[in-house]
Amino acid sequence: MASLLLTNIAQLLAAYDSAPAVLRGKQMQNLPLIEQAYLLIEEDKIAAFGLMKDCELRADKEIDCSNRIVLPGFCDSHSHIVFAGDRSHELSLKNQGMDYQAIANAGGGILSTVKQVREVEEEELFDQSMQRLYDVISMGTLALEIKSGYGLDFDSELKMLRVIRRMKMESPIPIKATFLAAHAIPPEFTGNKEGYIQEIIEQMLPVVAKEGLADFIDVFCEQGYFTVTDTERILEAGSKRNLLGKVHVNQFNSIGGVQAAVDAKAISVDHLEEFTSVDLQAIRDSNTIAVGLPNCSLYLGIPYTPARLLIDENIAFALASDYNPGSSPSGNMQLVMALACIKMKLSTEEALLASTVNGAHAMSMAHTGSIALGQSANVIISKPIHSYRQFGYSFGANLVDHVIINGKTV
Ligand code: NIG
Ligand code: FE
């Protein structure tokens, strides 16, 4: 059995007796930490860990982690990394005063990426997306959710989902796929949203489900996109095909989507930059995880999700990147954590656990996201740093030196 021993680890983070359930409230402040630790990996699993002074183990390969921190890989539960082209020109429009909706109304936005995705060959889309995947892996993302939603017709949505399926097969890290045909109304259905919803439910969804192309279903529930009633219908259709909801809600307006998603037993509600007391009542006491996307708030200049309130109210909270060409052109989870600490007032402990343990739960990947016996050996070895607190503080830096994926150094 191949074995790998990490020795002299300055701080081993998120090391639990057994893999934790989703964390809430005060549990988020308790980051289990072992100083001067070792970690043994056998094959692709965590096999032992503890104090270095008690370590008498030997392994096929050993890595001296003096002055370095070892932690679970980041679990990014919300991304749109499969896309073609970019929208860098929108930044100057934004700087001239146009907001996200105005840019979309002027021919930019989601539909401009849709045009490019429809035109690109599947192979090229795969290559571009794999490049982005390796970029985020090098910054510590070791589990990832990826959405469709830039095809918006039968062939192009399936093309995106086939690219994600191939990424699942060829990627070293675990990936989950989300079907997001309800991301915008495509041009062919302008003025006929009902026709498009029928196309999603009656034409696309049965094939997506039959071919096992998605793990989750998503809807952009927002003024000018899909209403609460549309969201309910689409989530219900997904649920009949065993697809749990992961819903874009409250990015710009609070219109009742949180309640609809919670009622549909969505695994997560994502964005929540606008958040009212009605939304709080809706999500309180539910199992739905709230996902904050601070890179999107930074780029669009919109409010930050009230993560402090959510955690204090005992609501399960995860952080994710929302990596996409229009509202978050960055998949850097270290930036996400620093923004969570600087702008959302989270502690470093909370930001780390929201990006690992809870991120894994927000995509039904309980086998990863923490250090515990039997967990998948997906871990980060940091550059030489003094304390894990650097992760909430050194924004813009890449503190990741190397990563271990399924027990293999990458
Ligand atoms: O999560 N708001 C909806 N979807 C993405 C943005 C997609 C785009 O602008 O291309 C988001 O922010
Ligand atoms: Fe998104």
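Before any of the text, the structure's been laid out above.
Values in this document were obtained by computation on a predicted structure and should not be read as measured data. (Residues numbered from 1 in each chain as written. Chains lettered and ligands numbered in written order. Predicted model: local features only at pLDDT ≥ 70, side-chain atom pairs only at ≥ 80, totals over all residues. Heavy atoms only, no water.)

**Student:** Got a minute to help me understand the overall build of the chain in this structure?
**Tutor:** What the chain contains, in helices and strands, is 14 helices and 16 strands. Relative to a compact globule of 410 residues, whose C-alpha radius of gyration would be 22 Å, the chain shows 21 Å and is just as compact. Taken along its principal axes, the extent of the C-alpha atoms in the chain is 70 × 45 × 45 Å. Looking at the chain as a whole, 61% of its 410 residues qualify as buried. (Helix = DSSP H or I, 4+ residues; strand = E, 2+ residues; numbered from the N terminus. Rg over C-alpha atoms; globule rule 2.2 N^0.38 Å. Buried < 20%, exposed > 50% of the residue type's maximum accessible area, 1.4 Å probe, protein only.)

**Student:** Sorry if this is basic, but what is going on with helix α3 (residues 110-119) here?
**Tutor:** Side chains that are three or four residues apart share a direction in an α-helix, a result of its 3.6 residues per turn. Within the sequence span of α3, burial applies to Ile110, Ser112, Thr113, Val114 and Val117. Structurally, α3 contributes buried residues whose contacts are with α1 (89-95), α2 (100-105), α4 (122-138), α5 (154-170) and β9 (216-221). (Contact = heavy atoms within 4.5 Å.)

**Student:** What am I meant to see in the packing of aromatic side chains here?
**Tutor:** The way to describe two aromatic rings as a pair is by their centre distance and the angle between their planes. Across all of its chains, the model carries five aromatic pairs by this definition. Consider the rings of phenylalanine 83 and tyrosine 323, whose centres lie 6.2 Å apart with planes at 75°: the pair is edge-to-face. Placement of the pair is phenylalanine 83 in the loop between β6 (74-76) and α1 and tyrosine 323 in the loop between β13 (317-319) and α12 (333-342), with a sequence separation of 240 residues. The pair formed by phenylalanine 83 and tyrosine 323 is uniform in burial state, with each residue classed as buried. Measuring from centroid to centroid gives 5.5 Å for phenylalanine 189 and tyrosine 196, while their planes differ by 45°, and the two rings are tilted. Tyrosine 196 sits in the buried class, given a relative accessible area of 0%. Seen from the ring of tyrosine 299, lysine 94 lies directly overhead, with NZ or CZ sitting 4.6 Å from the centre. (Phe/Tyr/Trp six-rings, centres within 6.5 Å; stacked < 30°, edge-to-face > 60°. Lys NZ or Arg CZ within 6 Å of the ring centre and 35° of its normal.)

**Student:** Got a minute to help me understand the coordination of the iron ion (ligand 2) in this structure?
**Tutor:** Tetrahedral coordination by four donors places them ideally at 109.5 degrees to one another around the metal; octahedral coordination by six donors ideally gives 90 or 180 degrees. For the iron ion (ligand 2), the full set of protein donor atoms is His78 (NE2), His80 (NE2), His248 (NE2) and Asp322 (OD), and the range of their distances to it is 2.1 to 2.2 Å. Look at where the donors of the iron ion (ligand 2) fall in the sequence and you get H-x1-H-x167-H-x73-D. Histidine 80 matches histidine 78 in its accessibility class, with the two residues each being buried. (Donors = N, O, S within 2.8 Å, 3.2 Å for Na, K, Ca; no water.)

**Student:** Sorry if this is basic, but what is going on with the pairing of strand β7 (residues 141-147) here?
**Tutor:** Remember that side chains alternate between the two faces of the sheet whenever the strand is regular. Here β7 lies mainly inside the structure; seven of its seven residues are buried. With three bridges joining them, β6 and β7 adopt parallel strand pairing. Note that in β7 the partner of aspartate 76 across the bridge is leucine 144. Relative to strand β8 (residues 175-182), β7 is paired through four bridges, and the arrangement is parallel. Note that in β8 the partner of leucine 144 across the bridge is isoleucine 175. (Pairing = 2+ DSSP bridges.)

**Student:** What is the right way to look at the sheet that holds β7 in this model?
**Tutor:** Taken together, the eight strands give an open sheet; going across it, the order is β6-β7-β8-β9-β10-β11-β12-β13, and neighbouring strands pair in parallel fashion. Across the chains shown, the open sheet's two edge strands, defined by having one partner strand only, are β6 and β13. Across the sheet, the mean angle from the axis of one strand to that of its neighbour is 25°, orientation sign disregarded. Those strands touched by α5 are β7 and β8, and its axis lies near 175° from that of β8. (Axes fitted to C-alpha atoms, helices over the stretch in contact; angles between N-to-C directions.)

**Student:** Just checking my understanding: could you explain the side chain of serine 171 for this structure?
**Tutor:** Considering the arrangement of structural elements, one finds serine 171 in the loop between α5 and β8. Polar side-chain contacts of serine 171 include one of 2.7 Å to the backbone oxygen of isoleucine 173. (Polar contact = N/O pair within 3.5 Å; in protein donor to acceptor, adjacent residues only side chain to side chain.)

**Student:** Can you help me understand the site of ligand 1 in this one?
**Tutor:** The immediate surroundings of ligand 1 are formed by 15 residues, with Tyr100, Tyr150, His183, Gln251 and Ser327 found nearest. The contact in question runs from an oxygen atom of ligand 1 to an N or O atom on the side chain of histidine 248, over 2.9 Å. With respect to ligand 1, the side chain of glutamine 251 contributes an N or O atom lying 2.6 Å from a nitrogen atom. Starting from 330 Å² of accessible surface for ligand 1 in isolation, the protein chains cover 100%. Residue classes in the shell around ligand 1 are distributed as four nonpolar, nine polar and two charged. (Near = heavy atom within 4 Å. Areas by Shrake-Rupley, 256 points an atom, 1.4 Å probe, with all protein chains shown as cover. Nonpolar A, V, L, I, M, F, W, Y, C, P; charged D, E, K, R; others polar.)

**Student:** Would you mind going over α5 with me for this structure?
**Tutor:** Its 17 residues give α5 an end-to-end C-alpha distance of 24 Å, which sits within 8% of 24 Å, the value for a rise of 1.5 Å per residue. The inward-facing, buried residues of α5 abut α3, α4, β7, β8 and α6 (193-210). (Expected span 1.5 Å × (residues − 1).)

**Student:** Where do I start with unusual backbone geometry in this structure?
**Tutor:** Trans is the prevailing form of peptide bonds, just as negative phi is the prevailing case for residues other than glycine. For glutamate 43, which is not glycine, the phi torsion reads 55° and is therefore positive. Residue position: glutamate 43 is located in the loop between β2 (33-42) and β3 (45-51). On the basis of relative accessibility, which here comes to 42%, the residue glutamate 43 falls in the partly exposed class. Look at asparagine 242: it is not a glycine, yet its phi comes out positive at around 65°. Position of asparagine 242 relative to the elements: it lies in the loop between α7 (228-240) and β10 (244-249). We classify asparagine 242 as exposed; its relative accessible area is 69%.

**Student:** Whenever I open this one, the environment of leucine 93 confuses me. Can you help?
**Tutor:** Considering the arrangement of structural elements, one finds leucine 93 in helix α1. Separated by 199 residues in sequence, leucine 93 and glycine 292 have C-alpha atoms that sit 25 Å apart. Setting aside residues no more than four positions away along its own chain, leucine 93 makes contact with Met98 and Ile103.

**Student:** I tried to follow the nonpolar core on my own but got confused; where do I start?
**Tutor:** One broad trend across soluble globular proteins is that nonpolar side chains are buried collectively. Core analysis: the biggest nonpolar cluster contains 120 residues, and Leu133, Met167, Phe179, Phe226, Phe317 and Leu319 have the highest contact counts within it. Excluding anything up to four places from it in sequence, leucine 133 contacts Ile81, Leu144, Met167, Ser171, Ile173 and Ile175. Judged by nonpolar contacts, the second largest core, of 19 residues, contains Leu6, Ile9, Ile46 and Ala377. (Core = buried A, V, L, I, M, F, W, Y, C linked by side-chain atoms within 4.5 Å.)

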